[in-house]
Amino acid sequence: MQWGQIITHDMSMQAGGTQSKKHPTRCCTDDGRLIGLDTAHKTCFAIIVPPHDPAYSQVGTECLNFVRTLTDRDSNCQYAGGPAEQLTVVTSYLDLSLVYGNSIQQNSDIREFQGGRMIVEERNGGKWLPLSRNVTGDCDAVDSSEVCYRSGDVRVNQNPGLAILQTVLLREHNRIADALAALNPHYDDRTLFQESRKINIAQYQQISYYEWLPIFLGAENMLKNRLIYKAPGGSYVNDFDLNIDPSVLNEHATAAFRYFHSQIEGRLDLLSEMRTVLGSLTLSDWFNRPGIIEVGDNFDSLTRGHATQPEELTDINFDRQIKHFLFRRNMPFGSDLRSLDIQRNRDHGLASYNDMREFCGLRRAHSWEDYSDLISVPIIEKLKSLYHSHEDVDLTVGGSLEAHVSGALAGPTFLCILTEQFYRTRVGDRFFFENGDKITGFTPDQLVELRKASMARLLCDNGNRITSMQPEAFRTVSGSNPIMPCTNIAQVDLTKWIDQKPYATADPSAHYGRK
Ligand code: HEM
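Only a predicted model underlies this, so the values are computations on that prediction, with no experimental measurement involved. (Residues numbered from 1 in each chain as written. Predicted model: local features only at pLDDT ≥ 70, side-chain atom pairs only at ≥ 80, totals over all residues. Heavy atoms only, no water.)

**A closer look at the overall build of the protein chain**
Next, step 1: Along the protein chain, the regular secondary structure elements total 17 helices and eight strands.
Next, step 2: In terms of overall size, the protein chain behaves like a compact globule, its C-alpha atoms giving a radius of gyration of 23 Å where 515 residues would be expected to give roughly 24 Å.
Next, step 3: Across its three principal directions, the C-alpha atoms of the protein chain cover 70 × 55 × 55 Å.
Next, step 4: The buried share of the protein chain, taken over its 515 residues, is 55%. (Helix = DSSP H or I, 4+ residues; strand = E, 2+ residues; numbered from the N terminus. Rg over C-alpha atoms; globule rule 2.2 N^0.38 Å. Buried < 20%, exposed > 50% of the residue type's maximum accessible area, 1.4 Å probe, protein only.)

What follows is the structure in structure tokens.
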């Protein structure tokens, strides 16, 4: 689950949102009462809570704040006709923009400009993400001495697991930079930075496509649709296609990929190196308060917990920590992520579930009963009581009610969207790590090494003192996936980067991130 959120934050962020921070536009009063339509801001689309709601009725909440995503109409974009298009504020590519930032300015703010490294700050003997310059603004901090991070992505502080993986990926960059500096003492800061960034992104793409996505999209489905290849050793996959638009599909970011919100577990276990449970954290106590990961041995214990504790089932149930208590900020109740997802579907004006089925080559339903090919009859009965017509069912809702395709964690409609997205994400990326471009690609020897990258090794190398892990870290520990010493887990051999080729650059003024 947690890696999925990393991928999400790398690929999209709707414009105008504040994520976990309280939105300055208030569409409800602070105690959850409705504001008249005439007084509410024009971007308001508040979620109306029915009086009998089992959770919110306990505290009389009538209204959940919801601010519409900014569109091309709100920006200086040239209006090209057609419906409004929602804007995103991060790069679509899987390029670790959440670590490196989305612009030269963002990047310059978090780079050390020495030895190719990113800024880390030492606290209590550990190396951590640098602190935000506006602690009380960026986090739910009581005072400005609390830990609150600055990174390539403003959502970094949202939950402890996310902050851990952001830290792991940042430390990995510096680990690579230090190793390259030792192997190539003549490299300058910029060369070290760019080469380390390139390796970090390549490992991350390898892990995402070959280790993580097969669990979600099914390995066979991915092979069949050319998202992954049985590419042995050092051979390239030259599938870059200039005509493929790698932008993130609205149906992906606003509906299909959010289905995995159902995997979020509200209890975060802290585990010792022996994998005994030392305690646990409650998710809603730690939204936007990442400092907890720096306390005692929590960084390692939570990392082990995330690698050991099963995620919640991918189904119609959502943990109350995000369904009732999202960003509750010490209040008895917070917001409801599931409602936000459904309302966001409507805000963005996505095609209906039925339209999307048809688009994906599935049978268009002409009656409620026609949905029974993919949705169980008792659930259709519930839908009937909620929607006037079968044509009205939202994509977010219908897609998440389908029986899963064998080997995947989604039904056919969502799987169609997810597969199309991750096809575009690789084929539309001229820098995708398997690409054999002479200037930007890796050598076959380097590719052999990059294909050894794994989540297990990433956690081993970047914990404080994590010394053992199961080799398939996205899967639970079992007889065939036992905990083993980190030293037994394959590592990318960086000696293959000993001055392999001169750093290709002609125009010195075009250096990304130069101060
Ligand atoms: C503790 C974990 C997580 C929390 C608290 C969380 C919370 C949120 C919130 C508050 C939003 C914005 C909702 C809105 O206003 O529309 C959001 C958006 C989103 N989430 Fe999550 N999420 C989590 C994990 C995940 C995971 C595991 C995935 C997928 C694997 C995911 C996928 C998405 C996507 C695709 C978006 C839309 C991003 C955009 O385009 O702005 N999230 N999430």
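After presenting the structure, the write-up continues.
**Topic: the state of the cysteines**
Next, step 1: On inspection of all chains with the given rule, the structure shows five disulfides.
Next, step 2: Note on cysteine connectivity: Cys 360 is disulfide-linked to Cys 416, with sulfurs 2.0 Å apart. With the S-S bond torsion at -75°, the cross-link from Cys 360 to Cys 416 turns out left-handed. Taken together, the residues span a long stretch of sequence, with Cys 360 in the loop between α12 (353-359) and α13 (377-386) and Cys 416 in helix α15 (residues 412-427) at a distance of 56 residues.
Next, step 3: Using a relative accessible area of 24% as the deciding quantity, one classes Cys 416 as partly exposed.
Next, step 4: Assigning the bonded cysteines of the protein chain consecutive numbers by sequence position, one obtains the connectivity 1-3, 2-4, 5-6, 7-8, 9-10. (Disulfide = S-S within 2.5 Å.)

**Some remarks on the packing of aromatic side chains**
Next, step 1: In this structure the tally under the stated criterion is 21 aromatic pairs.
Next, step 2: Measuring from centroid to centroid gives 5.8 Å for Tyr 100 and Phe 193, while their planes differ by 85°, and the two rings are edge-to-face. On the criterion of sequence distance, the pair formed by Tyr 100 in helix α2 (residues 97-100) and Phe 193 in helix α6 (residues 189-217) is long-range, its members being 93 residues apart.
Next, step 3: Exposure remark for Tyr 100: the relative accessible area of 1% places this residue in the buried category.
Next, step 4: The exposure class assigned to Phe 193 is buried, which follows from its relative accessible area of 0%.
Next, step 5: Relative to Tyr 371, the ring of Trp 368 lies with its centre 6.1 Å away and its plane at 75°, an arrangement referred to as edge-to-face. In this pair, the class of Trp 368 matches that of Tyr 371, namely buried.
Next, step 6: Ring-pair connections join several aromatic residues into one group, and the members of that group are Tyr 209, Trp 212, Phe 216, Phe 257, Tyr 259, Phe 260, Phe 414, Phe 422, Phe 432 and Phe 433.
Next, step 7: Cation over ring: Arg 171 sits above Trp 128, and NZ or CZ is 4.9 Å from the ring centre. (Phe/Tyr/Trp six-rings, centres within 6.5 Å; stacked < 30°, edge-to-face > 60°. Lys NZ or Arg CZ within 6 Å of the ring centre and 35° of its normal.)

**Side note on the UniProt feature "binding site: heme b" (unreviewed entry) in the protein chain**
Next, step 1: What UniProt calls "binding site: heme b" (unreviewed entry) maps, in this numbering, to His 261.
Next, step 2: Those residues in contact with His 261 that lie beyond four places of it in its chain are Phe 318, Ile 322, Leu 337 and Asp 341. (UniProt positions renumbered as here; feature names shortened; annotations may be inferred. Contact = heavy atoms within 4.5 Å.)

**What about the packing of helix α5 (residues 160-183) against α6?**
Next, step 1: It is the contact of α5 with α6, at a shortest axis distance of 9 Å, that shows an interaxial angle of 130°. In terms of axis orientation, α5 runs oblique to α6. Between α5 and α6 lies a crossing of right-handed hand. On α6, the residues that touch Leu 169, Glu 172, His 173, Ile 176, Ala 177, Leu 180 and Ala 181 of α5 are Leu 192, Phe 193, Glu 195, Ser 196, Arg 197, Ile 199, Asn 200 and Gln 203.
Next, step 2: Counted by class, the contact of α5 with α6 contains eight nonpolar, four polar and three charged residues. (Axes fitted to C-alpha atoms, helices over the stretch in contact; angles between N-to-C directions. Parallel < 35°, antiparallel > 145°, perpendicular 65-115°, else oblique. Left-handed = near helix turned anticlockwise from the far one by under 90°. Nonpolar A, V, L, I, M, F, W, Y, C, P; charged D, E, K, R; others polar.)

**Thoughts on the pattern of salt bridges**
Next, step 1: Within this structure, the stated rule accounts for 40 salt bridges.
Next, step 2: The partner of Arg 344 in a salt bridge is Asp 347, and the shortest N-O contact between them spans 3.0 Å. Here the residue Arg 344 and the residue Asp 347 both occupy positions in helix α11 (residues 337-347), the gap between them amounting to three residues, near one helical turn.
Next, step 3: Residue class for Arg 344 comes out buried when judged on its relative accessible area of 9%.
Next, step 4: Here Asp 347 falls in the buried class, since its relative accessible area comes to 3%.
Next, step 5: Across the salt bridge formed by Arg 424 and Glu 420, the nearest N and O atoms sit 2.7 Å from each other. (Salt bridge = Lys/Arg side-chain N within 4 Å of Asp/Glu carboxyl O.)

**Examining the pairing of strand β5 (residues 267-271)**
If a strand is regular, its side chains alternate between the two faces of the sheet.
Next, step 1: Across the five residues that make up β5, a large majority, four, are buried.
Next, step 2: Two strands pair when backbone bridges link them, and β5 and strand β6 (residues 277-282) are joined in this way by five bridges, in the antiparallel orientation. Residue pairing for β6: Leu 268 is matched across the bridge by Leu 281.
Next, step 3: The loop that links β5 with its antiparallel partner β6 comprises five residues; one of these, Arg 275, has a positive phi angle of about 65°. (Pairing = 2+ DSSP bridges.)

**Description of the packing of α6 against α15**
Next, step 1: Two numbers describe how α6 lies on α15: the axes approach to 11 Å, and their chain directions differ by 160°. By the angle class used here, α6 and α15 are roughly antiparallel. Between α6 and α15 the crossing geometry is left-handed. Facing Tyr 209, Tyr 210, Leu 213, Phe 216 and Leu 217 of α6, the residues of α15 in contact are Leu 415, Leu 418, Thr 419, Phe 422, Thr 425 and Arg 426.
Next, step 2: Considered class by class, the residues forming the contact of α6 with α15 number eight nonpolar, two polar and one charged.

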